[in-house]
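Listed below are the residues making up each chain.
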Amino acid sequence: MNPAHAYLNQLTRRQFFNGAGLAMGGLALNYLAPRLSAAAPAPRLFPPLSDFPNFAPTAKRIIYLHMNGGPSQLDTFDYKPALQPRFQQELPESIRLGQRITTMTSGQANFPVAPSLFKFAQHGQSGAWVSELLPWTAKIVDDIAIVRSVHTNAINHDPACTFLMTGSEIPGKASLGSWLSYGLGSESNDLPAFVVLTPKFSPKVAAQALFTRMWSSGFLPTTHNGVALRAQGDPVLFLDNPAGIDATARRAMLDTLGQFNHHAAARHGDPETLTRIAQYEMAFRMQTSVPELTDISAETPATLDLYGSAVKEPGSFAASCLLARRLVERGVRVVQINHRGWDQHGTLPEHLKIQCRDTDQGCYALIADLKQRDMLKDTLVVWAGEFGRTVYSQGTLTRTNYGRDHHPRCFSVWLAGGGVKGGVIHGETDEFSYNIVRDPVSLFDLNATLLHCMGIDHAKFSFKSQGLDQRLTGVEPANVVKDILAGSK
Amino acid sequence: MFAAAADQVTYNEHIRPILADNCFACHGSDASQRKAKLRLDNLASATADRRGVRAIAPGDLSNSEAWQRILSADPEEVMPPPDSHKKPLPPTQRALLQRWIEQGAVYQNHWAYEPVSHPALPSPLAGAKETDGAIDRFIAAKLARHNLTLAPEAPRDVLFRRLTLDLTGLPPTTVELDAFLADRNPDSYDRAVTRLLASPRYGEHFARPWLDAVRYADSHGLHLDNVRNIWPYRDWVASAFNRNLPFDQFTIEQLAGDLLPNPRIDQLVASGYNRNHLSTSEGGAIEEEAEARNNIDRINTTSTVWLGLTAGCAQCHDHKFDPISQRDYYSLGAFFKGLADRVWDGNIPKPGPLVVLGDAKVHARLKAIDAAFPPLAAALSAKAEAAEKAQKKIGKSNEIAEVVANAARVDPDDDTDSLSPAKPKQATAKRTTAVSYEVVWAEDADTPYAINYGKPAHAGEWRTGPGVPVVGGQRALHLEGSQERPVDFGGGELLLIVRTTAKAFAYFQADPVQPPRAVSLQFISEQKTKRVIWGDPAAFGPEVAKDAIVAGPLPAPGGYTRLEIDAVATGLAKDKPYSGLLVAQSDGAGWWDHIGTACTSPSASVDPLLNSGAWVTGLRNFGRAEAGLPLPHEAIFLIGLSGTQQTIEEKARVVQFHRDFIMGPLRATLEPEANAARRLLVERTHYEMTLPSSPVSRELPTPHPAPILLRGQYDKPGELVSPATPAFLPPLAATGARPSRLDLARWLVDPKNPLTARVTVNRFWQQLFGAGLVRTPGDFGTQGDPPTHPELLDWLASEFVRTGWDVKQFVRLLVSSRAYRQDSRVTPELLALDPENKLLARSARLRLDAEVLRDQALALGGLLRPEIGGPPVRPYQPINIWEPVAFGGSNTKTYVQDRGDALYRRSLYTFMKRTAPAPAMSTFDGPSREFSCVGRSRSNTPLQALALMNDVQHIEAARAFAERLLAEKSTDTKRLALAFRSVTARQPDTRERKLLTDSLTTHRAHFSRDTAAADKILTNGESKPATTAPVAEIAAWTMVTNLLLNLDETVTRN
């Protein structure tokens, strides 16, 4: 950092804390009087709710890797060798059970079984089966818990993504990250509690849309909205000073503004004015902390190698994973990475390969990097799409090509760190990966588990809105998936 | 809530909230969840003797089992029970319950469901002003119980800024301010109110909270989130406020304007209220599910906006806290089951039913077209059907006949979920052999297309009669002299593409007496093509001659010669589109006839002229990117649907439309019937494309069935219900056998309805005072907050109804009160006593809403454009707001910023994209309009600081503001004074003056040293600096105005 800037920044921090502690009606401070004593540990500007966390958390922060579009469990984690001889056979009615399917395939005359084209092998001490599409993820199977029995209610992207992230298919509810920001506050005074990344995806794939409601605070105060960290333009909206205004000019303007606003606070007695002073100072600090955050030049070659060459392309999935690590290092509570393009209705083998290549090493590197920094133990990492895909082929099935439709009844998700046991395989689907036969995990259960790791009792975590105690985990009972947590047997 | 020691504890104000929060889930109105058969929301049950035990014994704490359970330390006994996750009651709530039981446990019905009363005014308190109106008497009476009084009136300048911002959403100009301050007449304030209410800015400003409530937006909201063109509804709302349309009529026109006798166009536009819900045509979506979601959205919005009810809880089960059963809920939904709009929006901008906005003449013409079209279309269809049958007979012996006979059998590509072109499908009649055919585009007349509509007629004349030589049909085209004449092959609805080969031909016969020097043919395309000349190569001038191909001499007179040109040979590559043929003649005279194309396609199934599926697929992919196709709205809508979204009848209509109007080989046969019908179609399309139109409500002859959805699930329909209003509210007066939307609308604004007036006045109160008398504007049920001033609320509601729902008069009533005009300063003592200002002992300080912040900056910079209404605009937006989230095929994928004046329109007109709202709005709590919002939050975040400091719109406004100061005043002192007064309306004090002067000095020094930086400051924004002041001066002043635009006082309504 530029030493002059560092000084200004340090000065600001102290001014800010003095300012925030200023008694109402007090006089403005002498802004330029230097104080040389070491700064006391900074008090938290965004403290948790009282009684939060409800109990000792195993995770302090969470990184959510959302594979948008619905990755095929059949071609990644849910190994079904018995399907191979059933190539092109009709999906038995005893499996389909008349369950609804989307109107994209409901008109198909046949539902021919499409076994995965990809080879699976067992990996690690746990012997978890992983497809050849994910060679890097295969290396970390002993650090992750694979849940093969997650299910959802929604069968189309828009409601399913909304449900995954907010616990409701209908827009308007708070997202997981917003809930966590609301309940647990922020560890950082310089960065938002909840940051969202939307990395690039392969242009060869027609990608589904994202919706800002996936990181919206819904009925919670809007302060808890996820803040999108952008790969193009200002990393945080309006972060950069306008052309012609440098940090010195900005600092001078802010100094005057602070004095005006302290004067106004005295004049009006409005506590919001003091908050506003604090927010302008935080904005100024963000002008430094965010560029520092996104500048990866100080990362060691060894670390960069972990993530692969794509890490140097701004906005790549690998770069986003590295950023996620840098964010949580700096106290950000929740990082959500939304990688798009997993909606393979047709040409699945070719396109899924591209998707996996885009993300596989980044996932691996994130886990390995957190581990080498001893941060995996209290950082929860989740990898999940919004639903799974059908065992039968959508469109023409050949020996080398097939597509798969949306399948909400089962899909695979993995979790790591933050109190999650590594090397665990949880839940089981039938031989067609169509229905769950053991240990079903609803999205409510999954969210209850994430909250549990963060030290929150999901049943008690509610916010009154629209006449209801709203919960991330809905009104029906939800269960923490204890079997995948460390300390469980 | 405050309960001063002297207060009577009342059930509605104090007790019900406690019981509702802690007890009613198990001891309330939902019978299915009730424990121990005990209800605590009802006197009879609560006080009933159960084997010697009474839950509540009025006046007798020790015998009140409920009270004892609340006190209990035994986890088996204590209420609420630990497994309910409720905490034990805090001491304050216990004290209230204790006093209530001691005072006799008097129950009251829920206040909001009781008829609105017209309470007597409290008598003026000692020391009160004679002029105190009703509002102030109610407020002062309550304040007095806490030994408080209303604060003194705010300083006049501050008050004037408050009033101007609140009524118009814009700051006062210093001229307006000076005039007001100079006016010492007793009615000066009142006249200011009159002036502001008459400003068109008032309607724009008051429209906005309403648009939040009814979730108006410019995009569909789901999946593709494409453009939705319903801005005329937005303009109607603003105009309704400006016209001061009474609120009851405002309600009726929105819910049921279409059902009024002979509805006017504006009333139809108003009925677009019912078309503001989110919609989708996501491939794979299930119609019943989407239909249920739309219906639920309509129920929830209507009940939130007018009734303040959280009806949504009754979607899955009887409401746990309010007396709304699941049956009530779906009965309310049944009112909307007759709406004629399809569940699917086709992803198009204007899904029908629509109303075209236009004058009486246009509408008379549209009516005439609608009357004249059906018989023409029927005649055409009959002829086409006969032609098709005839082709079927020829059938296999003739390649083209077979194609025609099978054209309908190939389904369009069903998968709208992906945009990958033409995937292999289980097609039933796919030809994979090449097909060659001819299409005659002009035989007896030109084909009329929208693209030509209103343009001058083409040269030449189609003649018939003795002596006219014809090739086909009855007419031939006569050209005289040097003429260029385009022949259209389709107005864009065809997307003609060179597949394998394409040739254009025309039959020509020269006049034997005066033959032309030359004639030529040329493909019309956006690609550059070469002209082919017969006759003198120089006849069309040297420029043409340079690039032309010479085919040979002019054909000899005496008979027709077929002239032909080849697309590829004239430079039109494969897969490139073309739209017509240019026929040209130099001097002389000649006959032209039978003009068309001869094409070869690799297969019939990929050729839009041969196959309806290929036609639709081509247009669908094209139509997603381009909003305006020259086709009737209905055809565009059908094309937007995937095959599975079309009904069987709609599929048949698409096929029929293709056969009658598009099918290439049938064209020559179907003239002139096709052209007669097409001419009307084109004219209607012309109006639809060039005049604004807006989605409206229309009632189906037979409404859809309305089942109760068990557990709220679309695939679990239960008993069918009829339209009805909730049983606990006054009955509905139905005018017909089946209650209509119009009945519902009238019921909502029936003075007997206890909710609508209360809910509405509360929202206006909230808008002007910062918070409602009921703090939960969307929940007037038992879980909502009770009113802070119940009698005042009722008085206001009854007054609003009594005065004919006169909104402007009501707004005047509020802003004229002393309560509104109070000073906003707060002492630490008062802040400690009443942090939320529920007693109203001061005015609220409110951070300005997103739109007001932006509009204020534009106004101060002198940049704000005054135009009212019209299509939404796209002002500055940081890059990559839409792009990273949008679906590839969405027409709102890429944000293309407008230029010029559109950058400076009021924020009301900024394009509202639901899945990625403009940061200038969302950063400041502007809602996404995905669901009804009747009260915004008012957050205070660092992102707001960054936006106000750095957003180009704000820095440009600061720069323009600086230039204004430099131009209008001559000295620093005068400029600083004007600047400060412009933003705060008041004079700076000594300290503020010094801060400003110092700041200017600092920045001046900075920029005189760094002129390069100063130059750069001038580049912010697209408007050009207007002053001749030195650049460093403009830059320094820009920093000062940027500072001023960021003052706490500037971003706050004080």
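Residues numbered from 1 in each chain as written. Chains lettered and ligands numbered in written order. Predicted model: local features only at pLDDT ≥ 70, side-chain atom pairs only at ≥ 80, totals over all residues. Heavy atoms only, no water.

Novice: How would you summarise the nonpolar core if you had to cite specific residues and measurements?
Specialist: Counting 186 residues, the largest nonpolar core has Leu65, Val381 and Trp414 of chain A as the members making the most contacts within it. Residues in contact with Trp414 of chain A, not counting those within four places in the same chain, are Leu65, Phe77, Thr137, Ile144, Ala145, Ile146, Cys363, Ile367, Val381, Val382 and Trp383 of chain A. If you look at the next biggest cluster of nonpolar residues, it comprises 119 residues, including Ala270, Ile299, Leu332 and Phe769 of chain B. (Core = buried A, V, L, I, M, F, W, Y, C linked by side-chain atoms within 4.5 Å. Buried < 20%, exposed > 50% of the residue type's maximum accessible area, 1.4 Å probe, protein only. Contact = heavy atoms within 4.5 Å.)

Novice: Mind laying out helix 25 (residues 756–769) of chain B, listing which residues take part and the relevant values?
Specialist: If you check helix 25 of chain B, its first and last C-alpha atoms are 20 Å apart, about what 14 residues at 1.5 Å a residue would give, namely 20 Å. Following helix 25 of chain B by one or two positions, Gly770 of chain B adopts a phi angle in the positive range, close to 95 degrees. (Helix = DSSP H or I, 4+ residues; strand = E, 2+ residues; numbered from the N terminus. Expected span 1.5 Å × (residues − 1).)

Novice: I'd like a rundown of helix 14 (residues 287–307) of chain B, residues and numbers included.
Specialist: All names here are of chain B. Taking 1.5 Å of rise per residue, 21 residues should cover 30 Å, and helix 14 covers 29 Å from first to last C-alpha, within 8% of that figure. In terms of burial, helix 14 is a largely internal element, 16 of the 21 residues being buried. Downstream of helix 14 by one or two residues, Gly308 has phi in the positive range, about 60 degrees.

Novice: Account for the interface of chain A and chain B, with residues named and values stated.
Specialist: In this complex, chain A contributes 86 residues to the contact, which on the side of chain B involves 96 residues. The junction of chain A with chain B conceals about 7600 Å² of combined surface from both sides, 56% of it contributed by carbon and sulfur atoms. Summed over the shared surface of chain A and chain B, the result is eight salt bridges. In this structure, the salt-bridge partner of Asp989 of chain B is Arg267 of chain A, at a minimum N-O distance of 3.9 Å. Along the contact surface separating chain A from chain B lie 34 residue pairs in polar contact (both at pLDDT 80 or more). Among the secondary structure elements, those contributing two or more residues to the side of chain A that touches chain B are helix 4 (157–166), helix 6 (247–268), helix 7 (271–294) and strand 17 (468–470) of chain A. Among the elements that take part in the side of chain A that touches chain B, helix 6 of chain A stands out by supplying 14 residues, more than any other. Residues of the side of chain A that touches chain B, tallied by class, amount to 35 nonpolar, 31 polar and 20 charged. (Buried area = accessible area lost by both parts, 1.4 Å probe. Salt bridge = Lys/Arg side-chain N within 4 Å of Asp/Glu carboxyl O. Polar contact = N/O pair within 3.5 Å; in protein donor to acceptor, adjacent residues only side chain to side chain. Nonpolar A, V, L, I, M, F, W, Y, C, P; charged D, E, K, R; others polar.)

Novice: Kindly report on the environment of Met165 of chain A, identifying the contributing residues and their values.
Specialist: With respect to the element layout, Met165 of chain A can be found in helix 4. Ignoring sequence-local partners within four residues, the contact set of Met165 of chain A consists of Tyr64, His66, Ala174, Ser175, Leu176, Met214, Gln336, Asn338 and Leu472 of chain A.

Novice: Explain the environment of Asp255 of chain A residue by residue, including any values.
Specialist: Residue and element names in this part refer to chain A. Inspection of the secondary structure assignment puts Asp255 in helix 6. For Asp255, a relative accessible area of 16% translates into the label buried. Considering only alpha carbons, one finds Asp255 and Pro477, 222 residues apart in sequence, at a separation of 53 Å.

Keep in mind these values describe shape, not function.
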